[in-house]
Structures are given as structure tokens and as C-alpha cells.
Amino acid sequence: MAQNKFIQQLAERKKKTFLAFPDRELAKLFIDDLFALLFLPATLRQQNTYELEKAFESLKSHLSTLVYEVLRDGKAAQKATDVFFENLPDIYNTLLKDAEAILKFDPAAESVEEVIVAYPGFFAIAVYRFSNQLWKQEIGILPRLLTEYAHSKTGVDIHPGATIGESFFIDHGTGIVIGETTVIGKNVKIYQGVTIGALSVSREKATGKRHPTIEDNVIIYSGATILGGETIIGKNSVIGGNVWITEAVPANVRVEHKSDIIQKEKKAAL
């Protein structure tokens, strides 16, 4: 293909992409600014209500711009922005419960403030909860851009369509995958390397529930893989490290992967 034709092909492709996606860098900036305003230590300018109100109005304008780039409708973008910020107090209070759960169950954590500022798992949960609200409002690709940003920063991949209850605890975080139709109850604890995913299905069947349900008070240890839309992990159960589960697990049980310990043969002395 001649270079001029290839350049034209690229130009047409980029135009389509521009029209279909909001600006990724602006999306990242919105999340960072929102997280900072809600959770990071206050600057001198953000220690009074007037300055906080100004910051919130700036964030509203920022989100409205991002949503407009998806919906291409000014009134719809403003309405969606208003709905998001109306729900923000409830999201914030849920996230405080998540932070308190991490503090409660991680002996290395010394304060809620440490969890909020230093724990990548908390950042991933926060971005998921912001994105889930936008997902429920059907704001196109924007929620995916936000959770993929969190994924790139933390190694935690949570689809914005997942349903996750309060007091959610992620420890370490790296390598966690939580699929779109996953349902997770309250007080669930997940360690690094856990996959809550789908069994392989055709695209025609991809609209149903493909991912597991994790009921209240479940602990899932590192390296566990739980797959399938009909897989339910019952309340109060403990899933041990490195197990592979594709069937329902009843409540109040422990599932373990046992390692055999075998004595090494002694070599004869030369």
C-alpha cells in the first residue's frame, strides 16, 4: 500500500476513534482530582466550604465534558453529571466502610488514613465504585476507561459492571480480576492473584450472567480461580489459595488445595 493511502486510512480511523471515545488523559485527570478531593490531605485552599464548593463545581464541569464526548448531547451530559454527583455522598460513605474493613483485617495497617493514601487496593475499589455509578447510568465507554486506568496503576482489574457490596477488602491487590457480571456480597475479603471470571462462552451467550456470585463474609486467598455464572460461593466460606472452582460451594465450608509433603530420597554416600 502506498504511503499516502496508508496515511489516509490512519486519518479516517483516528477520526472514528475521536468521535467514539472521550479523551483518556482528561478521564485520568478527573479520577485523580476526584480521589484527591475526597480522600487526600487537604491543601490550605481546601480547608473551607467555599473553596470545596469551587472544587466540586470544577469537577462537575470536567465530568460533564467527558460525558458529552460520549453522549454528544449537552442536556443529557448535564443531567448525567448531576445524577453522578447526587449519588457521590453514598459512594463516599461506602468507600469509608471499605477503608475501615481493610484497617480491621490487615494487621499491617495502622490507620484509615494510611489505607486511603497508601493502599492500591483501596484506590482500585474507589475507582470501581465511581465507574460503577457511571456504568449504571449507561455512559458508554467512559467507565471502562476509568477502571482500566486503575488497573494500570494497581494491577487490580475490576469491570465497572460488577456488583460489589460494602466493606470490601482487597489485600495487596496485584493480579486480581473481577468480571462484568460478578456479584459480591458484604464483608468479602480477596487476596492477590484471585480471578473471579467466566468460563468460555460464545458471543451469542455473552449477554447472560457469566461470572460467579460470592456471598457475604467470604474469604478468598491468593491464587484462587472461581469461574462461571452458575458458581455460587456460600456465605461464611473460606476459599484456600490456588484452588480451581467451577461449581457451587455451600455456606460455612473451607475449600483447600492440599500439597503433598514427600521426603526426599537420601543419596548414598560416595
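Above this text you will find the structure in question.
What counts, and where the lines are drawn
Residues numbered from 1 in each chain as written. Predicted model: local features only at pLDDT ≥ 70, side-chain atom pairs only at ≥ 80, totals over all residues. Heavy atoms only, no water. Helix = DSSP H or I, 4+ residues; strand = E, 2+ residues; numbered from the N terminus. Buried < 20%, exposed > 50% of the residue type's maximum accessible area, 1.4 Å probe, protein only. Contact = heavy atoms within 4.5 Å. Areas by Shrake-Rupley, 256 points an atom, 1.4 Å probe, with all protein chains shown as cover. Lys, Arg positive; Asp, Glu negative; His and termini not counted. Charge placed at Lys NZ, Arg CZ, Asp CG, Glu CD. Pairing = 2+ DSSP bridges. 1 Å grid on protein atoms, 1.4 Å probe; cavity = no way out; pocket = protein on both sides within 12 Å on 5 of 7 lines; lining within 4 Å. Points joined across faces, edges and corners; volume = space filled by probe spheres on them. Nonpolar A, V, L, I, M, F, W, Y, C, P; charged D, E, K, R; others polar. Axes fitted to C-alpha atoms, helices over the stretch in contact; angles between N-to-C directions. Parallel < 35°, antiparallel > 145°, perpendicular 65-115°, else oblique.

J.: Give a description of the overall build of the chain that names residues and reports values.
T.: A count of helical and extended segments in the chain gives seven helices and 14 strands. Looking at the chain residue by residue over its 270 residues, the buried ones come to 41%. In the chain, the proportion of contacts linking residues at least 24 apart, taken out of those at least 6 apart, comes to 45%. Accessible surface computed for the chain: about 15,700 Å², of which carbon and sulfur atoms make up 52%. In the chain, the 31 positive side-chain charges and the 33 negative ones have mean positions that sit 6 Å from each other.

J.: Explain the sheet that holds strand S11 (residues 232-233) residue by residue, including any values.
T.: Strand order in the open sheet formed by four strands is S2-S5-S8-S11, and the pairing between neighbours is parallel. Either end of the sheet is taken by a strand with one partner, and the two such strands are strand S2 (163-164) and S11. The sheet contact formed by strand S5 (residues 183-184) and strand S8 (residues 213-214) spans two bridges and is parallel. From the neighbouring strand, Ile184 faces S8, where its bridge partner is Ile214.

J.: Describe the sheet that holds strand S14 (residues 254-255), naming the residues involved and giving the relevant values.
T.: Reading across the sheet, the five strands line up as S3-S6-S9-S12-S14 and stay open at both edges, with parallel pairing between neighbours. Single-partner strands in this sheet number two, and they are strand S3 (169-170) and S14. The pairing of strand S9 (residues 219-220) with strand S12 (residues 238-239) spans two bridges and is parallel. For Ile220, the partnering residue across the bridge sits in S12 and is Ile239.

J.: Outline empty space enclosed by the protein, listing residues and values.
T.: Overall, the coordinates contain one cavity of 30 Å³ or more when judged by the stated rule. Space inside the largest cavity adds up to approximately 30 Å³. Ala124, Val127, Tyr128, Thr147, Ala150, Val156 and Ile158 together form the lining of the largest cavity. At the level of elements, helix H6 (120-136) and helix H7 (142-154) are the ones that each hand at least two residues to the lining of the largest cavity. Sorting elements by how many residues they give to the lining of the largest cavity places H6 first, with three residues. The residue inventory of the lining of the largest cavity, partitioned by class, reads six nonpolar, one polar and no charged.

J.: Could you give me a rundown of the environment of His172, with the residues and numbers involved?
T.: With respect to the helices, strands and loops of the structure, His172 is situated in the loop between S3 and strand S4 (177-178). For His172, a relative accessible area of 52% translates into the label exposed. Remark: the alpha-carbon pair of His172 and Gly121, spanning 51 residues in sequence, is separated by 6.5 Å. Contact partners of His172, with chain neighbours within four places excluded, come to Pro120 and Gln192.

J.: Before we move on, could you go through the packing of H6 against H7 and cite the residues and values that matter?
T.: Contact pair H6 / H7: the axes reach a minimum separation of 8 Å and the direction vectors enclose 175°. Judged on the interaxial angle alone, H7 and H6 are roughly antiparallel. Contact residues: H6 offers Pro120, Phe123, Ala124, Val127, Tyr128, Ser131, Leu134 and Trp135, while H7 offers Leu142, Pro143, Arg144, Leu146, Thr147, Tyr149, Ala150, Lys153 and Thr154. The residue makeup of the contact of H6 with H7, split by class, is twelve nonpolar, three polar and two charged.

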